[in-house]
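Here are the chains, one letter per residue:
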Amino acid sequence: MIRSTFFALALLIFAAQLPAQNPVMIWVEFADKANSPYSLSRPYEFLSARAIERRQKQNIPIDFYDLPVLSNYVDEIVVETGMELYYTSRWFNGAMFRADSPEIAENVLQFDFVTFSEIARWDVMEPTSESGVQWAENPAYDQDVQTRKGGFPYSEKMDIENMGGYGSAEGQISLVNGQSLHDRGYWGEGKVIAVLDAGFRSVDTLKAFQDLWQQGKILGYYDFAQSREELFQGHSHGSFVFSVMAASLPGEYSGVATSASYWLLRTEDAASEFRVEEYNWLAGAEFADSVGA
């Protein structure tokens with residue numbers, strides 16, 4: 001009771017300081033998962049086969065925290081407040097909503113199944129352009145992809161010398177002795193890696209990633225920061241990080257795990273720093289776990 005009163009007061013103070021019609025992101029946590037339609041004895045209903053297999057191999061139990069959030073709690077909040085659901089969290093038993101104005105946040109704690117709520121971001125930008133900003137062109141990065149060479153063939157054992165070496169990636173691979181793994185045939189075959197970052201600009205068009213797409217090695221992608229499935233414009237930090245793992249241009253550049261498969265997940269809004277990004281990362285990490293990354 002004291003906690004609810006305190007946070008209700010905090011939300012009122014936040015709301016008083018913000019413009020009346022300024023959209024906000026609101027994080028909400030629920031009291032329980034009572035009468036859930038899901039069961040720990042049927043984990044395949046909410047986890048992929050690969051995720052279950054990984055849990056078994058690593059002795060990670062499937063427990064209460066893995067059960068999905070109760071949809072009736074989420075639905076009632078959406079209907080009663082008009083807020084838009086962005087995503088839910090199994091592990092924290094909560095959900096992220098977008099509200100058109102901070103005043104709506106005042107009513108969230110009135111639901112008897114809500115135990116905690118906070119404004120996770122104010123001054124929410126409309127998703128007309130990524131993060132609401134235009135990023136400067138980078139000629140060195142956005143060169144004409146038609147002039148680039150093809151990627152490495154995918155096989156368990158690749159002869160890096162016959163492909164022209166690591167190119168400009170030689171220093172970073174040698175730094176961690178990655179070539180010793182490659183010499184033994186370890187290029188990430190059979191592994192699934194989730195990359196959580198700020199944006200993956202041009203990954204869908206750059207020649208360095210062409211083979212990944214053609215081989216079905218990019219399993220999927222999602223933008224948790226703006227709740228949409230498009231993230232190939234805007235910030236490029238994720239593209240650079242991804243290239244360290246997966247890019248391949250014979251004789252010019254080689255990632256360390258070009259035979260792995262990948263999920264690309266945007267969780268960071270590089271234009272700002274708000275609590276919501278921690279929740280975005282949580283949602284991305286939960287998704288990665290659910291697909292067995």
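Everything quoted here is computed from the prediction, not taken from an experiment.

Trainee: Whenever I open this one, the pairing of strand S9 (residues 261-266) confuses me. Can you help?
Mentor: A regular strand carries its side chains on alternate faces of the sheet. The element S9 is largely enclosed, with a buried count of six among its six residues. Bridge count between strand S5 (residues 192-197) and S9: six bridges; the pairing is parallel. For Leu 196, the partnering residue across the bridge sits in S9 and is Leu 265. Across five bridges, the pairing between strand S6 (residues 218-223) and S9 is parallel. The residue of S9 that forms the bridge with Tyr 221 is Leu 264.

Trainee: Sorry if this is basic, but what is going on with the environment of Asn 280 here?
Mentor: Structurally, Asn 280 can be placed in helix H9 (residues 276-290). What makes Asn 280 buried here is its relative accessible area of 3%. Each C-alpha atom of the pair Asn 280 and Tyr 86 lies 9.6 Å from the other, and the pair is 194 residues apart in sequence. Discounting chain neighbours no more than four positions away, the residues touching Asn 280 are Tyr 87, Phe 224, Ala 225 and Thr 267.

Trainee: Would you mind showing me how to read the packing of aromatic side chains here?
Mentor: One pair of aromatic rings is described through two measures. These are the centre distance and the angle between the planes. For the structure on display, the rule yields 17 aromatic pairs. The interplanar angle of 0° and the centroid separation of 4.3 Å between the aromatic rings of Tyr 73 and Phe 113 together place this pair among those described as stacked. Linking Tyr 73 in helix H3 (residues 71-81) with Phe 113 in the loop between helix H4 (105-108) and strand S4 (114-122), this pair joins segments that are 40 residues apart in sequence. Here Tyr 73 matches Phe 113 in class, with each residue buried. Counting every residue linked through ring pairs, the aromatic cluster contains Tyr 87, Tyr 222, Phe 224, Trp 263 and Phe 287. Cation over ring: Lys 33 sits above Phe 64, and NZ or CZ is 4.7 Å from the ring centre.

Trainee: Sorry, what's going on with unusual backbone geometry here?
Mentor: Excluding glycine, residues mostly have negative phi values, and the peptide bonds linking residues are mostly trans. In the Ramachandran plot, Asn 35 falls in the positive-phi region, its phi being about 60° despite a non-glycine side chain. Topologically, Asn 35 is positioned in the loop between strand S1 (24-30) and helix H2 (49-57). Judged by its relative accessible area of 77%, Asn 35 is exposed. Positive phi, normally seen in glycine, also occurs at Asn 93, with a value near 50°. In this structure, Asn 93 sits in the loop between strand S2 (84-89) and strand S3 (94-99). Taking relative accessible area as the criterion, Asn 93 reaches 7% and is therefore assigned buried.

Trainee: What's the story with the sheet that holds S9 in this structure? I'm lost.
Mentor: The strands making up a sheet associate through hydrogen bonds between their backbones, and the pairing can be parallel or antiparallel. Overall, parallel pairing links the three strands, which are arranged S5-S9-S6 in an open sheet. Each having just a single partner strand, S5 and S6 make up the two edges of the open sheet. Strand-to-strand twist across the sheet, computed as the mean angle between neighbouring axes with direction ignored, equals 10°. Strand contacts of helix H8 (residues 237-246): S5, S6 and S9, with the helix running at about 155° to S5, the strand carrying the most contacts.

Here is what the cut-offs are and how they apply
Residues numbered from 1 in each chain as written. Predicted model: local features only at pLDDT ≥ 70, side-chain atom pairs only at ≥ 80, totals over all residues. Heavy atoms only, no water. Buried < 20%, exposed > 50% of the residue type's maximum accessible area, 1.4 Å probe, protein only. Helix = DSSP H or I, 4+ residues; strand = E, 2+ residues; numbered from the N terminus. Pairing = 2+ DSSP bridges. Contact = heavy atoms within 4.5 Å. Phe/Tyr/Trp six-rings, centres within 6.5 Å; stacked < 30°, edge-to-face > 60°. Lys NZ or Arg CZ within 6 Å of the ring centre and 35° of its normal. Axes fitted to C-alpha atoms, helices over the stretch in contact; angles between N-to-C directions.

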